[in-house]
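Spelled out from the first residue to the last, the chains are:
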Amino acid sequence: MSDRDRRALLWLCCAGICWRWFVGIRAPLPGVDACRDLWLAEQLVGGNFTAVFDRALEPLYALLLAPALAFGASPFAATQVVASLLGGLVVVPAALAAERMREGAGVSAAAVSMVAAGPVVAAGAGAATAMFTLLSACCLWAFATRRLVLSGVLLLVVVASGTDQIASMPQATWHELRLGVGSAVLLMPLLLLSPRSRLFGLLVGVQLVLVAIAWLLDAWTSFLPLYSPLLAVLVGLGLARLPVRLRDVLLSVIVAIECHAAWTLGEPEAAVIERVLPQYLIRRLHAEGDIVLSNLPRVRWSAGQNPSSATHSYVDALRDDKVASIIMTAGEAKDASLRALLAAKFERAPVPTDIAELLLQRSLHVLRRRHQ
């Protein structure tokens, strides 16, 4: 890689970090799994080390967050900063892997990694996707340099981490595709140009398998840590076969599309109700020791509860006098028998107009225990 390309890589890395933070300013609250990591980090800072067993297979991100929380950083801001830094660094191993496979492919791969909408939105929500995408990119670099043992270990770590849920409510399929797959996939046919390599064919095969699994599971954004850096490398390899001017035009189009997707497809502002509502209930309507009951992980985290705890049965709320309020999703509220059962001891909770509007936009329902 030339000195000019190294300087470009440095600037792309800085731009990737800044772009993720800029998109994160619009994020209303942490991702679903991000709040689980935050809860574990908060427990570790508080001295409750046994809490690590709740996320024994994936405590790495929480361990990264714990020092920032120990120094008094805001939890949401801390997770956004860490995710933005890790997400921006992805461009380095992705570029090195692509350059190793084909000269001139590194900068293009770095540019695609910098703006890929899915990882950018995930980093803005403070999700661990950023860390595992970085590990996946390092896995590709190790594979390209024939460090197969290191590559295998990194791949096992990424696979063992499982999926990373960002939003509580699913988006439209088209939006999921734009975040989970991205417009860069349109440049994949460039790999058919000569000269072709068996190595490229292997990577394309892996990519197709990931797409097939995501399609079968209807989980397009769940495979971002594996899919995104691999796609960036493949696109970089394809663009390296084109004349410089044509390559730059196509790359500029992809960058514009992905930036638009990252800016517009994050969670809506109304999602902040999952953080605001439990805090309002605890401050204004609850007595000391009262509990907010909900099956939404971010609501439980905002209420000071373990977001990884098992799903609650709302019928138990009838027997537990400490349950002062219940926050239900639209699907739960549609259960007529459950509504009739809860009506004996719970009523619709009065909330200010602005909170009521947010509840309506997110289709959430809040009940409070009837006064005896």
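Here's a quick rundown of the structure. Residue numbers restart at each chain and count upward from 1, following the sequence in its written direction. It should be noted that, the model being predicted, local features are given only for residues of pLDDT at least 70 and side-chain atom pairs only at 80 or more, the latter also being counted only at that level, while totals for whole chains, interfaces and linings use all residues. Derived side-chain values reflect all non-hydrogen atoms in the structure, with water molecules and hydrogen atoms excluded from consideration.

1. Side note on the overall build of the protein
Note the following rule: Only runs of H or I of at least four residues qualify as helices and only runs of E of at least two qualify as strands under DSSP, and these elements are numbered from the N terminus. Within these notes, the globule rule equals 2.2 Å times the number of residues to the 0.38 power, and the radius of gyration is based on C-alpha atoms. A 1.4 Å probe rolled over the protein chains alone gives each residue an accessible area, and that area as a share of the maximum for its type sets the label: buried under 20%, exposed over 50%, partly exposed in between.
Check the secondary structure of the protein and you find 18 helices and four strands. Since a compact globule built from 372 residues should have a radius of gyration of about 21 Å, the 23 Å found for the protein is in line with a globular shape. When the backbone C-alpha atoms are referred to their principal axes, the protein occupies close to 80 × 40 × 30 Å. Relative to its full complement of 372 residues, the protein shows a buried share of 50%.

2. Considerations on the layout of surface pockets
If a probe as big as a water molecule is rolled over the atoms, it shows which places are left empty. Applied cut-off: Each cavity reported here is a set of points on a 1 Å grid over the protein atoms alone in which a 1.4 Å probe fits but cannot get out, each pocket an open set with protein on both sides within 12 Å along at least five of seven lines, and each lining residue one with an atom within 4 Å of a point. Grid points are joined across faces, edges and corners, and a volume is the space filled by probe spheres set on the points.
When its volume is computed, the largest pocket comes out at roughly 650 Å³. Lining the largest pocket are 37 residues, with Ile-166, Ala-167, Gln-171, Glu-176 and Leu-179 positioned closest to its centre. Where the lining of the largest pocket is concerned, the elements lending two or more residues are helix H1 (3-24), helix H7 (117-124), helix H10 (173-180) and helix H13 (244-264). The greatest single-element share of the lining of the largest pocket, amounting to four residues, is contributed by H7. Reported here for the second largest pocket is a volume of approximately 260 Å³. If you go around the second largest pocket, the residues you meet are Ser-136, Cys-139, Leu-140, Phe-143, Ser-151, Leu-155, Leu-202, Leu-203, Val-206, Leu-210, Leu-226 and Leu-230.

3. Describing the packing of aromatic side chains
Heads up, the rule is: Aromatic pairing here means that ring centres of Phe, Tyr or Trp (its six-membered ring) are within 6.5 Å. Orientation follows from the plane angle: under 30 degrees is stacked, over 60 is edge-to-face, and everything else is tilted.
Using the criterion set out here, one finds three aromatic pairs in the structure. Between Trp-19 and Trp-263, the aromatic rings sit 6.3 Å apart at their centres with planes inclined by 25°, giving stacked as the arrangement. Taken together, the residues span a long stretch of sequence, with Trp-19 in helix H1 and Trp-263 in helix H13 at a distance of 244 residues. Its relative accessible area of 30% is what places Trp-263 among the partly exposed residues. Consider the rings of Phe-22 and Trp-263, whose centres lie 5.2 Å apart with planes at 20°: the pair is stacked. Highlighted residues: Phe-22 in helix H1 and Trp-263 in helix H13, separated in sequence by 241 residues. Overall, Phe-22 belongs to the partly exposed group, its relative accessible area being 43%. Within the aromatic cluster, the residues linked to one another by ring pairs are Trp-19, Phe-22 and Trp-263.

4. A closer look at the sheet that holds strand S3 (residues 346-348)
Threshold: Two strands are said to pair when DSSP picks up at least two bridges between them. Axis lines are fitted through C-alpha atoms, for helices just across the contact stretch, and the angle between N-to-C directions can take any value from 0 to 180 degrees. Residue contacts are counted whenever heavy atoms from the two residues lie within 4.5 Å of one another.
With mixed pairing, the four strands of this open sheet are ordered in space as S1-S2-S4-S3. The outermost strands of the open sheet, each flanked by one partner alone, are strand S1 (291-294) and S3. The sheet shows a mean angle of 30° between the axes of neighbouring strands, taken without regard to direction. Looking at chain direction, S3 and strand S4 (residues 365-369) are connected through three bridges and run antiparallel. Pairing of Phe-346 across the sheet is with Arg-369, part of S4. Along the sheet face, helix H14 (residues 273-285) touches S1, strand S2 (323-328) and S4 and points at about 155° away from the line of S2.

5. Focus: H10
Taken together, the buried positions of H10 are occupied by Glu-176, Arg-178, Leu-179 and Gly-180. On its buried side, H10 packs onto H7, helix H12 (224-239) and H13. Directly after H10, the chain includes Gly-182, whose backbone phi takes a positive value near 90°.

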